[in-house]
Amino acid sequence: MDIIAEIGQAHEGSLGIAHSYIDALAETGITAVKFQTHVAEAESSEFENFRVKFSYEDKTRFDYWKRMEFTIEQWAGLKQHCEDKNLEFISSPFSNKAVDLLEQIGVQRYKIGSGEVSNYLMLEKISKTNKPILLSSGMSSYDELDKTVDFIKERGNDLSLFQCTTSYPSISGEWGLNLIPDFINKYNVPIGFSDHSGDIYSCLAATTLGASLLEFHVVFDKQMFGPDAKSSLTISEIKKLTKGVSQISNDLKSSSNFKLDNSKFNELKSIFEKSLAVNKDLKAGNVITFDDLEAKKPANMGITAKEFESIIGKKLNIDLKKWDFIQKNNLIN
C-alpha cells in the first residue's frame, strides 16, 4: 500500500517547519511525503480571487503563493531529507515552471491536483518526462476524466487515479467511496483515494474497497492557521491509520479461505458444537418428539444436533434421565 502524507502548505512558508514535518512523519508508517510546488509568477495573477481574505498575513492570493515558495536548493534539501528518512519525496506542480524545478531536483513521480486535470499544457510537459503520474479526480466529471486519462495513456506514462472530493473538510456522503470499485473496473489502472475528511475512517474504508494508494493532508494541530488544517490528520491519527491499513491489507491478501477448508477449527468445533440430549425423564418405548430434545455441549457425545430430524419418531429401548445424551444404540430402528 502506497500511503502519501501531504504537507502541502502546512509549513506556512517556513523551511524549518517543513523539515519538522518530515521528521515527525518518518515515525508514522507512511511511504511518501507530498508537497506542493508553487511559482507565483508562473501560476497566478492579480485577478485570482480564490480565498483572497482567508489569511491575516497576505493581502492577495498571489502574495500567499509567493510566501509558499522555496528556492531550488531548499527544495533539494527537503527531497534529500525525505530520502534520508526512507520516504519518497513527491510534489504537485502548478505550472510548467514548477515542473522544471522538480525535474532539476529529480522527482520520481508527479501528483496532479484536482484543479489541474484539464491543464493539458502542463500534462504534456510532464508526460515528456516519462515519469509516473498520480491524477486526482476531484472536480472532474466522468467525461472530463475520460479525456484526461486517454490523454495520459496515449503518451505512455504510468498512471494512477485517485477518487477525490474537492471539499474541505469533506463529510460522510461526499467521500465517493462507491466510485473506487467503479474506477477499478472502468480505467484499468491503480486506483487510490485522496482524502479531505480530517479523520481516518474514509481511508480505512477505501482500503477495504480496493484502493492501492492513499493520500491525506497532515497538520501538527487542527487549530493551526491554514486552508487545509481542519481537513488534515494529525501525527497521532496517521499512526492509527497506517496501523489499521496494514492490518486490513494483510487480511485482504491472506491466502487462507476458512470457508473452503475449516479444518483449523476442528478443536474449537468439538468444544462449541453440541450433541442431542433429552430434556425430561423418558421411559423405554417412548417415541422421541421434537419437544423432548435439547442440544448440549460438547460435541461427540453421541448424536450431533444437526442430526435431530433423523431420530424424531423413533422409540427408545432404554430409560433415559433428564439431560442424558442420546446414543444411536438407545433407539429402535
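Naming follows an unreviewed UniProt entry, where the protein appears as N-acetylneuraminate synthase family protein of Polaribacter pectinis.

*Asks:* Which residues make up the overall build of the protein, and what values go with them?
*Replies:* In terms of helices and strands, the protein carries 11 helices and 12 strands. For 333 residues, the compact-globule estimate of 2.2 N^0.38 gives 20 Å, and the protein exceeds it by more than 25% at 31 Å. A total accessible area of about 17100 Å² is found for the protein, and carbon and sulfur atoms account for 50% of it. Taking the 39 positively charged and 47 negatively charged side chains of the protein as two groups, their mean positions are separated by 8 Å.

*Asks:* Let's hear about the pairing of strand β8 (residues 213-217): which residues, and what values?
*Replies:* The buried fraction of β8 amounts to five of the five residues, a majority that puts the element mostly inside the structure. Here five bridges tie strand β1 (residues 2-8) to β8, and the two strands are oriented parallel to one another. Counted as the bridge partner of A5 is F216 from β8. Here strand β7 (residues 191-195) runs beside β8; their pairing, made up of four bridges, is parallel. From the neighbouring strand, D195 faces β8, where its bridge partner is F216. What joins β7 to β8 is helix α9 (residues 201-208), and the crossover it makes is right-handed.

*Asks:* Account for unusual backbone geometry, with residues named and values stated.
*Replies:* Going from Y168 to P169, the amide bond is cis rather than trans, its omega being -10°. In this fold, P169 is placed in the loop between β6 (159-164) and α8 (179-187). Between K297 and the following residue, P298, the backbone shows a cis peptide bond with an omega angle of 0°. Following the sequence through the fold, P298 ends up in the loop between β10 (293-296) and β11 (315-316). Positive phi values are uncommon outside glycine, yet E12 reaches one of about 55°. Its place among the elements puts E12 in the loop between β1 and α1 (15-25).

*Asks:* Outline the packing of aromatic side chains, listing residues and values.
*Replies:* Under the counting rule described, the total for this entry stands at 10 aromatic pairs. Ring geometry for Y120 versus F151: centroids 4.5 Å apart, planes at 25°, classification stacked. Remark: F151 occurs in helix α7 (residues 142-154) and Y120 occurs in helix α6 (residues 120-127); sequence separation between them is 31 residues. Residue classification places Y120 among the partly exposed residues on the basis of a relative accessible area of 32%. Taking the centre distance of 6.1 Å and the plane angle of 70° together, the rings of Y142 and F183 count as edge-to-face. Here F183 lies in helix α8 and Y142 lies in helix α7, a separation of 41 residues in the sequence. A cation over a ring is seen here: R155 above F151, with NZ or CZ 3.5 Å from the ring centre. A cation sits over an aromatic face here: K296 above F325, 5.5 Å from the ring centre.

*Asks:* With reference to specific residues and values, describe the packing of α9 against helix α10 (residues 235-252).
*Replies:* Interhelical geometry of α9 versus α10 gives an angle of 15° and a closest axis separation of 9 Å. In this view, α9 runs roughly parallel relative to α10, as classed from their interaxial angle. In this structure, α9 crosses over α10, and the sense of that crossing is right-handed. Touching C203, L204, T207 and T208 of α9 are L241, G244, V245, I248, S249 and L252, all from α10. Partitioned by chemical class, the residues of the contact of α9 with α10 number six nonpolar, four polar and no charged.

*Asks:* So, a nonpolar patch on the surface: which residues are in play, and what are the values?
*Replies:* Together, I17, F220 and M224 line one region of the surface with nonpolar side chains, adding up to about 210 Å² of accessible area. Looking at where F220 falls in the secondary structure, it is placed in the loop between β8 and α10.

*Asks:* With reference to specific residues and values, describe the UniProt feature "domain: AFP-like" (unreviewed entry) in the protein.
*Replies:* Within the UniProt annotation, "domain: AFP-like" (unreviewed entry) is assigned to residues 275-333. As annotated, residues 275-333 has a helix share of 0% and a strand share of 20%, and its two end C-alpha atoms lie 19 Å apart.

*Asks:* Before we move on, could you go through the domain arrangement of the protein and cite the residues and values that matter?
*Replies:* When the domains of the protein are assigned, the result is domain 1 (2-253) and domain 2 (263-332). Here the C-alpha centre of domain 2 lies 64 Å away from the C-alpha centre of domain 1.

*Asks:* Could you give me a rundown of the side chain of S137, with the residues and numbers involved?
*Replies:* Looking at the secondary structure, you find S137 in the loop between β5 (133-136) and α7. Among the polar contacts made by the side chain of S137, one reaches the side chain of Q163 at a distance of 3.4 Å. Within polar-contact distance, the side chain of S137 engages the backbone nitrogen of C164 at 3.3 Å. Those residues within four positions of S137 in sequence are excluded, and the remaining contacts are S114, L145, L161, F162, Q163, C164 and F183.

*Asks:* Please provide a residue-by-residue account of the side chain of E237, values included.
*Replies:* One can find E237 in helix α10. If we ignore the near neighbours within four places in the chain, the residues touching E237 are G198, D199, I200, K222 and S232.

*Asks:* Which residues make up the environment of D221, and what are the values?
*Replies:* For D221, the position within the fold is in the loop between β8 and α10. Judged by relative accessible area, D221 falls into the partly exposed class, the value being 39%. At a separation of 2.7 Å, a polar atom in the side chain of D221 contacts the main-chain amide nitrogen of Q223.

Rules used throughout
Residues numbered from 1 in each chain as written. Predicted model: local features only at pLDDT ≥ 70, side-chain atom pairs only at ≥ 80, totals over all residues. Heavy atoms only, no water. Helix = DSSP H or I, 4+ residues; strand = E, 2+ residues; numbered from the N terminus. Rg over C-alpha atoms; globule rule 2.2 N^0.38 Å. Areas by Shrake-Rupley, 256 points an atom, 1.4 Å probe, with all protein chains shown as cover. Lys, Arg positive; Asp, Glu negative; His and termini not counted. Charge placed at Lys NZ, Arg CZ, Asp CG, Glu CD. Buried < 20%, exposed > 50% of the residue type's maximum accessible area, 1.4 Å probe, protein only. Pairing = 2+ DSSP bridges. Right-handed = clockwise from strand over helix to strand, strands pointing away. Phe/Tyr/Trp six-rings, centres within 6.5 Å; stacked < 30°, edge-to-face > 60°. Lys NZ or Arg CZ within 6 Å of the ring centre and 35° of its normal. Axes fitted to C-alpha atoms, helices over the stretch in contact; angles between N-to-C directions. Parallel < 35°, antiparallel > 145°, perpendicular 65-115°, else oblique. Left-handed = near helix turned anticlockwise from the far one by under 90°. Contact = heavy atoms within 4.5 Å. Nonpolar A, V, L, I, M, F, W, Y, C, P; charged D, E, K, R; others polar. Patch = residues over 30% accessible without salt bridge, like charges linked within 9 Å, V, L, I, M, F, W, Y side chains within 5 Å. Salt bridge = Lys/Arg side-chain N within 4 Å of Asp/Glu carboxyl O. UniProt positions renumbered as here; feature names shortened; annotations may be inferred. Domains from an automatic or database assignment. Polar contact = N/O pair within 3.5 Å; in protein donor to acceptor, adjacent residues only side chain to side chain.

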